[in-house]
Amino acid sequence: SEENREYLETINIQSFELKTKIQNLLSDHDSGNVISNRDKKEIKHVLIVDDVPINRTVLKIMLKRMGYDVSEAVNGQEALKKFENESVDLILMDISMPVMDGLEAAKNLRKKGYTLENLPIVAVTASTFYNSKESLHSKGFNALLRKPFKEKDLTDILNTVSANLN
């Protein structure tokens with residue numbers, strides 16, 4: 001049908017754009033547009049928590065280029081297990097995931113005594129529900145990275161979170 005044809009064309013175009021962006025990231029074509037955080041000592045190790053592999057891959061590429069160590073988890077439950085065994089300075093947490101969502105995982109970490117000040121957690125979501133800083137903080141998140149994001153958006157969030165650590 002015409003509707004299916006349009007849908008497939010949209011997927012094809014978006015896939016090509018994503019592939020091009022990843023190739024540019026890997027070949028450093030876009031590196032001039034981003035301020036590196038390599039000199040920042042506060043955040044060294046970032047845990048990416050997202051159930052969508054391509055989201056984790058894109059974030060991992062961006063963070064590695066900025067000089068961060070990166071770990072990955074596919075849901076909140078796996079993130080909590082990784083967190084017990086690894087030293088993590090920042091968590092980029094998707095809100096909506098199977099098994100355990102980001103809200104529940106953040107709540108668990110905050111209950112264990114990890115505060116907004118000593119463990120920054122950034123909500124990564126396409127949802128427009130979390131628009132206010134108060135709403136985010138009440139759910140245990142320091143900041144919001146809205147999907148789809150650009151590398152500059154990630155850099156801005158990292159700089160903001162780093163500045164607020166002390």
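Nothing here was measured: the structure is a model prediction, and the numbers come from that model.

Caption draft 1: Structural detail: the pairing of strand β4 (residues 121–125). Of all five residues that make up β4, five are buried, and the element is covered over most of its length. The side-chain alternation of β4 yields two buried faces, one formed by Ile121, Ala123 and Thr125 and the other by Val122 and Val124. Two strands pair when backbone bridges link them, and strand β3 (residues 90–94) and β4 are joined in this way by four bridges, in the parallel orientation. The residue bridging aspartate 94 from the neighbouring strand is valine 124, located in β4. Regarding topology, helix α4 (residues 102–111) serves as the crossover connection from β3 to the parallel β4, and that connection is right-handed.

Caption draft 2: Up close: the sheet that holds β4. If you trace the five strands from one edge of the open sheet to the other, you get β2-β1-β3-β4-β5, paired in parallel fashion. Each edge of the sheet is formed by a strand with only one pairing partner; in this case those strands are β2 (69–73) and β5 (143–146). Neighbour-to-neighbour, the strand axes of the sheet open up by a mean angle of 20 degrees, direction not taken into account. Where strand β1 (residues 45–49) meets β2, five bridges bridge the pair, whose relative direction is parallel. The residue of β2 that forms the bridge with valine 49 is alanine 73.

Caption draft 3: Looking closely at the packing of aromatic side chains. Evaluated as defined, the whole model comprises one aromatic pair. Each ring, one from phenylalanine 83 and one from tyrosine 114, has its centre 4.8 Å from the other, and the planes form 90 degrees; the classification is edge-to-face. Linking phenylalanine 83 in helix α3 (residues 76–85) with tyrosine 114 in the loop between α4 and β4, this pair joins segments that are 31 residues apart in sequence. Residue classification places phenylalanine 83 among the buried positions, given a relative accessible area of 11%.

Caption draft 4: Layout of the packing of α3 against α4. The contact between α3 and α4 brings their axes to 8 Å, and the two run at 30 degrees. As the angle between them shows, α3 and α4 are arranged roughly parallel. The interaxial crossing formed by α3 with α4 has right-handed handedness. Contacts between α3 and α4 involve Gly76, Leu80 and Phe83 on the former and, on the latter, Ala105, Asn108 and Leu109. Classifying every residue of the contact of α3 with α4 by side-chain character gives four nonpolar, two polar and no charged.

Caption draft 5: Seen up close, the pattern of salt bridges. Overall, the coordinates contain eight salt bridges when judged by the stated rule. Between glutamate 2 and arginine 5 there is a salt bridge, and its shortest N-O distance comes to 3.6 Å. Here the residue glutamate 2 and the residue arginine 5 both occupy positions in helix α1 (residues 2–26), the gap between them amounting to three residues, near one helical turn. Linking glutamate 151 and arginine 65 is a salt bridge whose minimum nitrogen-to-oxygen distance equals 3.8 Å. Of this pair, glutamate 151 sits in helix α6 (residues 151–163) while arginine 65 sits in helix α2 (residues 53–65); the two residues are 86 residues apart in sequence, bridging distant segments of the chain. Considered together, glutamate 151 and arginine 65 belong to a single accessibility category, that of buried residues. In this structure, a network of salt bridges that share partners links the residues Asp50, Asp94 and Lys147.

Here is what the cut-offs are and how they apply
- Residues numbered from 1 in each chain as written.
- Predicted model: local features only at pLDDT ≥ 70, side-chain atom pairs only at ≥ 80, totals over all residues.
- Heavy atoms only, no water.
- Buried < 20%, exposed > 50% of the residue type's maximum accessible area, 1.4 Å probe, protein only.
- Helix = DSSP H or I, 4+ residues; strand = E, 2+ residues; numbered from the N terminus.
- Pairing = 2+ DSSP bridges.
- Right-handed = clockwise from strand over helix to strand, strands pointing away.
- Axes fitted to C-alpha atoms, helices over the stretch in contact; angles between N-to-C directions.
- Phe/Tyr/Trp six-rings, centres within 6.5 Å; stacked < 30°, edge-to-face > 60°.
- Parallel < 35°, antiparallel > 145°, perpendicular 65-115°, else oblique.
- Left-handed = near helix turned anticlockwise from the far one by under 90°.
- Contact = heavy atoms within 4.5 Å.
- Nonpolar A, V, L, I, M, F, W, Y, C, P; charged D, E, K, R; others polar.
- Salt bridge = Lys/Arg side-chain N within 4 Å of Asp/Glu carboxyl O.

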